[in-house]
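Listed here are the chains, written in short residue letters.
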Amino acid sequence: MNIAKHMEAIVVAIIAIAAATSLSTAAVPKLRAAPAPVVASADAVTTHVVYVSAKRLNAEEKAAL
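Because the structure is predicted, anything quoted here is derived from the model rather than measured.

Draft legend 1. Representation of the overall build of the chain. Across its full length, the chain holds two helices and zero strands. Burial analysis of the chain (65 residues in total) assigns 0% to the buried set.

Structure representation (structure tokens):
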């Protein structure tokens, strides 16, 4: 077998083996989730409401932009 002819396949195989090895030996970080806030009752929850008051642009105004 002529190695020069198959150099591309050899390099791809080496990269695939290296990638699989690095993934299999990598440490998995522990999940650090923040604890959920404790809500005593539904009355304690504050709901924020945003009102947007603006007029819609007509076709002429949109074309001017």
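Draft legend 2. Region of interest: a nonpolar patch on the surface. Residues Ile3, Met7, Ile10, Val11, Ile14 and Ile15 make up a contiguous nonpolar surface patch of about 540 Å² in total accessible area. Locating isoleucine 10 in the fold gives a position in helix α1 (residues 7-25).

Draft legend 3. Up close: the pattern of salt bridges. Considering all chains together, one arrives at one salt bridge under this definition. The closest approach of N and O atoms between glutamate 61 and lysine 55, which form a salt bridge, is 3.4 Å.

Draft legend 4. Structural view of the environment of glutamate 61. With respect to the helices and strands, glutamate 61 occurs in helix α2 (residues 59-64). A polar atom in the side chain of glutamate 61 sits 3.4 Å from the side chain of lysine 55.

Thresholds, definitions, all that
- Residues numbered from 1 in each chain as written.
- Predicted model: local features only at pLDDT ≥ 70, side-chain atom pairs only at ≥ 80, totals over all residues.
- Heavy atoms only, no water.
- Helix = DSSP H or I, 4+ residues; strand = E, 2+ residues; numbered from the N terminus.
- Buried < 20%, exposed > 50% of the residue type's maximum accessible area, 1.4 Å probe, protein only.
- Patch = residues over 30% accessible without salt bridge, like charges linked within 9 Å, V, L, I, M, F, W, Y side chains within 5 Å.
- Areas by Shrake-Rupley, 256 points an atom, 1.4 Å probe, with all protein chains shown as cover.
- Salt bridge = Lys/Arg side-chain N within 4 Å of Asp/Glu carboxyl O.
- Polar contact = N/O pair within 3.5 Å; in protein donor to acceptor, adjacent residues only side chain to side chain.

These values are about where atoms sit, not about what they do.
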